[in-house]
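The chain contents come next:
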Amino acid sequence: MNQSEIKKLLTERGLAPSKQLGQNFLIQPVLAERIVTAGGITPDDTVVELGVGLGALTRPLAATAARVIGLEIDAGIIKYHREHQGLPANVELRHQDLLRADFAALAAEVGTRLKIMANLPYAVTNPLLFKLVEQRRAIRQAVLMIQKEVAQRLTARPGSKEYGVLTVLLGTCATVQRLLEVGPGNFYPRPKVDSVVIAINFHEQPAALTEVDFALLRRVVDSAFRQRRKTLLNSLSAGAGLGLDRNQTAAALAAAGIDPRFRAENLDTEDFLRLTKAVSEQLQKPA
Ligand code: SAM
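Residues numbered from 1 in each chain as written. Predicted model: local features only at pLDDT ≥ 70, side-chain atom pairs only at ≥ 80, totals over all residues. Heavy atoms only, no water.

### Some remarks on the overall build of the chain
Logical step 1: Each helix and strand in the chain was counted, giving 12 helices and nine strands.
Logical step 2: When its C-alpha atoms are laid out on the principal axes, the chain stretches across 70 × 40 × 30 Å.
Logical step 3: By residue count, 48% of the 287 residues in the chain fall in the buried class.
Logical step 4: Across the chain, contacts joining residues at least 24 apart in sequence account for 67% of those joining residues at least 6 apart.
Logical step 5: Positive and negative charge centroids in the chain, built from 36 and 29 side chains respectively, lie 5 Å apart. (Helix = DSSP H or I, 4+ residues; strand = E, 2+ residues; numbered from the N terminus. Buried < 20%, exposed > 50% of the residue type's maximum accessible area, 1.4 Å probe, protein only. Contact = heavy atoms within 4.5 Å. Lys, Arg positive; Asp, Glu negative; His and termini not counted. Charge placed at Lys NZ, Arg CZ, Asp CG, Glu CD.)

Okay, structure coming up:
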């Protein structure tokens, strides 16, 4: 659909794009096709689309993939598609909040790790990314259109100000690749920011981490970045975060071969993995 078709459809139904739901609809069919191609979708794939909207991405996806399971939270949009029946037959629309989706259950239903695709509403990007990390074992790939600034954080290098919790967590279980830059003129209404399409490819066996290790890694990374200007010795022993006192924190840093004066942003993914192991050993030592 182009911009005037979208405007007409919304006006006829007395609707306006919802800011709260991040409804910036894609109005360039060619771009939607490029996203599907760049995502490497094949005719064998079942793809889970998050936030179907008026179907700009859904249609080219359905033309390539075997099946599309589309989640959408807006009851008005669901009603429109049900009445209008304009989506291809291999699209299964589900009225569901993407943040409540159970990706493990969806993967079991599909019979394989999931391919996910979305032009994401900005407000849910961060919680969704954390959810993907949590449910990483159920996911093969997520191709996501997100704010450029968030994409920069996900691909940031240690030492930069964009480097943070999500960079590290995703770095331990996936590789993140920038696919396309997309300007505001490709959407209606026009957003204030540039967007980037990224592909997150989850490793099959995430860095030999057990679930317990991963939960602890998350706590270590959170504690280290919570006060990112502090040295690691201070940030990791502050508050109740990890349950380690200053001496235990110093011992863990020494065992991991990390300078206690470093800050969170100085550590790469491997450093955080070693540090988590050392913290785990400290926590297991009798008091
Ligand atoms: N895929 C369409 C496109 O590219 O034009 C729509 C993209 S629009 C940026 C985001 C879509 O996600 C909207 O249709 C919005 O209603 C929907 N949405 C917002 N929050 C959601 C949520 N929590 N769960 C499911 N869908 C949501």
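### Here's the deal with the pattern of salt bridges
Logical step 1: This structure, assessed with the given rule, holds 17 salt bridges.
Logical step 2: For glutamate 181, the salt bridge identified is with lysine 148, shortest N-O distance 3.5 Å. Of this pair, glutamate 181 sits in strand β7 (residues 174–182) while lysine 148 sits in helix α7 (residues 148–154), and the two are 33 residues apart along the sequence.
Logical step 3: According to the relative accessible area criterion, lysine 148 is partly exposed, its value standing at 24%.
Logical step 4: Aspartate 222 is the partner of arginine 218 in a salt bridge, and the nearest nitrogen-oxygen pair spans 3.7 Å. Note that arginine 218 and aspartate 222 are positioned in helix α9 (residues 211–226) at a spacing of four residues, about one turn of the helix.
Logical step 5: Here arginine 218 falls in the partly exposed class, since its relative accessible area comes to 24%.
Logical step 6: Each of Arg67, Glu92, Arg94 and Glu109 takes part in salt bridges that share partners, so that together they form one network. (Salt bridge = Lys/Arg side-chain N within 4 Å of Asp/Glu carboxyl O.)

### Quick word on the packing of aromatic side chains
Logical step 1: Summed over all chains, the structure comprises two aromatic pairs.
Logical step 2: Between the aromatic rings of tyrosine 163 and phenylalanine 225, the centroid separation amounts to 6.0 Å while the plane-to-plane angle is 65 degrees, which identifies the pairing as edge-to-face. Separated by 62 residues along the polypeptide, tyrosine 163 in the loop between α7 and α8 (165–173) and phenylalanine 225 in helix α9 bring together distant segments of the chain.
Logical step 3: Relative accessible area serves as the criterion here: at 8%, phenylalanine 225 is assigned to the buried category.
Logical step 4: An aromatic cluster of at least three residues, connected via ring pairs, comprises Tyr163, Phe225 and Phe272.
Logical step 5: Looking at arginine 136, its charged tip hangs above the ring of phenylalanine 214, at a distance of 3.7 Å from the centre. (Phe/Tyr/Trp six-rings, centres within 6.5 Å; stacked < 30°, edge-to-face > 60°. Lys NZ or Arg CZ within 6 Å of the ring centre and 35° of its normal.)

### With respect to helix α1 (residues 3–12)
Logical step 1: Looking at α1, one finds that the buried residues are Ile6, Leu9 and Leu10. Looking straight down α1, one finds its buried side chains confined to an arc of 95 degrees; they lie on one side. Every exposed residue of α1 that faces more than 90 degrees away from the buried side is listed here: Ser4, Lys8, Thr11 and Glu12.
Logical step 2: On its buried face, α1 is in contact with β1 (25–26), α4 (75–84) and β8 (187–188).
Logical step 3: Where α1 terminates, the next one or two residues include glycine 14, which has phi positive at roughly 65 degrees. (Arc of directions from axis to C-beta.)

### Remarks on the domain arrangement of the chain
In many reports, interface size means the accessible area that the parts give up when they come together.
Logical step 1: Structurally, the chain comprises domain 1 (3–205) and domain 2 (214–284).
Logical step 2: Together domain 1 and domain 2 conceal approximately 1200 Å² of surface at their shared face, both sides included; 66% is due to carbon and sulfur atoms.
Logical step 3: Inspection of the region where domain 1 meets domain 2 yields one salt bridge.
Logical step 4: Of the charged contacts, one joins arginine 218 and glutamate 134 as a salt bridge, the two residues approaching to 2.9 Å between their closest N and O atoms.
Logical step 5: Going through the elements one at a time, α6 (125–134) and α8 are the ones with two or more residues in the side of domain 1 that touches domain 2.
Logical step 6: Of the residues forming the side of domain 1 that touches domain 2, the biggest block, five residues, is contributed by α8.
Logical step 7: A per-class count over the side of domain 1 that touches domain 2 returns seven nonpolar, five polar and three charged. (Domains from an automatic or database assignment. Buried area = accessible area lost by both parts, 1.4 Å probe. Nonpolar A, V, L, I, M, F, W, Y, C, P; charged D, E, K, R; others polar.)

### Structural notes on the layout of surface pockets
Logical step 1: Roughly 460 Å³ of internal volume is contained in the largest pocket.
Logical step 2: Residue lining of the largest pocket: 32 residues in total, with Leu21, Gly22, Gly51, Asn119 and Pro121 positioned closest to the centre.
Logical step 3: Secondary-structure elements contributing two or more residues to the lining of the largest pocket are β1 and β3 (67–72).
Logical step 4: A per-class count over the lining of the largest pocket returns 19 nonpolar, 10 polar and three charged. (1 Å grid on protein atoms, 1.4 Å probe; cavity = no way out; pocket = protein on both sides within 12 Å on 5 of 7 lines; lining within 4 Å. Points joined across faces, edges and corners; volume = space filled by probe spheres on them.)

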